[in-house]
Amino acid sequence: MALVSELHPVVLKAETNEASNALQDYAEFWKIPYRLNLLEPKGSVLFTSDRATAAQSSVHGPVILTPVGREEAQKTASDAGVGVTSENKLLRLPVRKGITVSLRTNVYQYSGSRIEPLLVSEGTTIISRIIGSNIHLVGLDLVTEYSRLVHGGFEEIPSRRFSLVAKLPFSYQSIPSFIRNRSFRTEKGLSGLTEENLGPVECLRTVFLASLVRIAGPIPRIGFWRRGKAYALSVTHDVETQAGLEQGAKRLMEVEETMNIRSTWNIPSDRYPLASSTLIKFAGNGEVGGHDTRHDGRLIFLSVEEKKRRLASCRGTLERLVDQRIRGFRAPLLQHSAGLAEALYNAGFEFDSSCPSWEILSPTSLRSHGVGTIYPFYMRNILEIPVSLPQDHQLIRVAGQKPSAAVDLLLKLARWIRGVGGACILLIHPDYEFGEAEHKQDYERLLESFRSDQECDIMTLGEMTEWWKVRKEARIQMNDNKVSIISPERSDMSSELQPQLVTGYGGDGFNVVNI
Ligand SMILES: [Zn+2]
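Residues numbered from 1 in each chain as written. Predicted model: local features only at pLDDT ≥ 70, side-chain atom pairs only at ≥ 80, totals over all residues. Heavy atoms only, no water.

Things to note about the overall build of the chain
- In terms of regular secondary structure, the chain is built from 17 helices and 23 strands.
- Here the chain, with 515 residues, has 59% of them falling under the buried criterion.
- Excluding contacts between residues fewer than 6 apart, the proportion of contacts in the chain whose partners are at least 24 apart in sequence is 71%.
- Counting only carbon and sulfur atoms, one obtains 48% of the accessible surface of the chain, whose full area is about 20,600 Å².
- With 60 positive and 60 negative side-chain charges, the chain shows a spacing of 2 Å between the two charge centroids. (Helix = DSSP H or I, 4+ residues; strand = E, 2+ residues; numbered from the N terminus. Buried < 20%, exposed > 50% of the residue type's maximum accessible area, 1.4 Å probe, protein only. Contact = heavy atoms within 4.5 Å. Areas by Shrake-Rupley, 256 points an atom, 1.4 Å probe, with all protein chains shown as cover. Lys, Arg positive; Asp, Glu negative; His and termini not counted. Charge placed at Lys NZ, Arg CZ, Asp CG, Glu CD.)

Topic: the nonpolar core
- F208, I267 and F450 are the most contacted members of the largest nonpolar core, which has 144 residues in total.
- Tallying contributions element by element places helix α9 (residues 200-216) first for this core, with 11 residues.
- Both domains that meet at this core, namely domain 1 (4-148) and domain 2 (223-469), each give it at least three residues.
- Residues within four places of F450 in sequence aside, it is in contact with Y231, L233, L411, A414, C424, L426, C456 and I458.
- Residues V11, V63, L65 and I115 belong to the second largest nonpolar core, which totals 15 residues. (Core = buried A, V, L, I, M, F, W, Y, C linked by side-chain atoms within 4.5 Å. Domains from an automatic or database assignment.)

Focus: the coordination of the zinc ion
- Of the protein atoms, only E240 (OE), E240 (OE), H291 (NE2) and H295 (NE2) coordinate the zinc ion, at distances of 2.1 to 2.4 Å.
- Here the zinc ion is ringed by 4 donor atoms whose angles at the metal span 57 to 143°, and the overall shape comes out irregular.
- Summarised as a motif, the one-chain spacing of the donors to the zinc ion is E-x50-H-x3-H. A residue pair is termed long-range when its members are at least 10 positions apart, and E240 in the loop between β11 (231-238) and α10 (242-258) and H291 in the loop between β13 (286-290) and α12 (304-322) qualify at 51 residues. Across the pair, exposure class does not vary: E240 and H291 are buried alike. (Donors = N, O, S within 2.8 Å, 3.2 Å for Na, K, Ca; no water. Tetrahedral: all angles 85-135°; square planar, octahedral: opposite > 155°, others 65-115°.)

These results come straight from atomic positions and should not be treated as a statement about function.
Structural data, given as structure tokens:
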């Protein structure tokens, strides 16, 4: 076990808001101790996106530099008297034994007699040192790529075709049919369900932490889930029709109740008749969330004010029926944008689960689409919890899989999410195959795989939101030669936070020990 006196403080420095936010998001994601834009204490390691800062600070100690944009990479190379080439490449990095994360990106390869590669993966140099200096170069742009994937991925641009159809009366019914007619009804769509599509952001985060561990040595952090848990699962349902509400939901709930799994039921407030007693039962099985009012696919087109009014009306109607606070939302067709997140916050919601990590075909933009992470993240004060596993509708109705094959694929993807340590978010509609009696066993097999796994932290989306907030507000503290966690919330939850020490990074990914 490393002594606190052997740990090196981490300082992040950036010249622009974009860079500052990205570096801070990386550090906050891992929950490592750091200082932002402050003077470096003795023995610290500086992580920066700015060339001039790197040159100045390298006089005092080790610096990690991730240049922003091609021009900065070239200037960095020319300052150091080395060469640089750029190439679009698929990067793959281990996070633990047998589990990798991937990203397709521009890779900067520095070369020359002054360049010493420090971290190489599958022939690509990720980190190199400039010999005779304290500067270490990251071979990719951690700032621009983060913005592109997370912020760019969160904005969905409706296709012209969708925009036209959505404006017609009763349009929603016609949307699924023209999607079904497309060539996506093939195995081709499924082949896109890869780690480079589902979690490219995880690859960026890995490069950030791996660089620090390689150059600064052991780094303390806070584990992602409760003590003893390696990953999380939320089971969620969008109830599209009255038949789903009255029949399919009952069947799904039966399976969940025998396994003691509580799930999240997202209900449109004004699409079909709702009985208070039914919704109270859903809330008893887990929680009820909003799923728009009429579910007509037009939410994304409304003005800021109209969005807010509609979302508040959805929440108000459901709250009166359930007699409980409604905290979460899922948009029909998984529509999402920063504007929608803001409207949700203004309408009194706390969390949203409306963006896929990656999906085969977005009905709104008519292309494959996703936010590229399998972890929750904050967007305009709302916790966004990505739908990390492909929804039943996409696997069965769009890609044409049998329910049993869909379960096999979901479990295969869940094994990868487990290995990375993320959140598995299942979206199962009571209106489709899994809500039918003949596919009950498939649904049982799916849930049993998670339930029987001691390392799976099963919770509703609302519970995940509370947990993520407790973790967000907690900090690693180092004094009296001890690493501990301080949390403003003195709740049972905060005592479940697990301090860890990342002691190394190599061919089998991160070496992590619980403290
Ligand atoms: Zn829906």
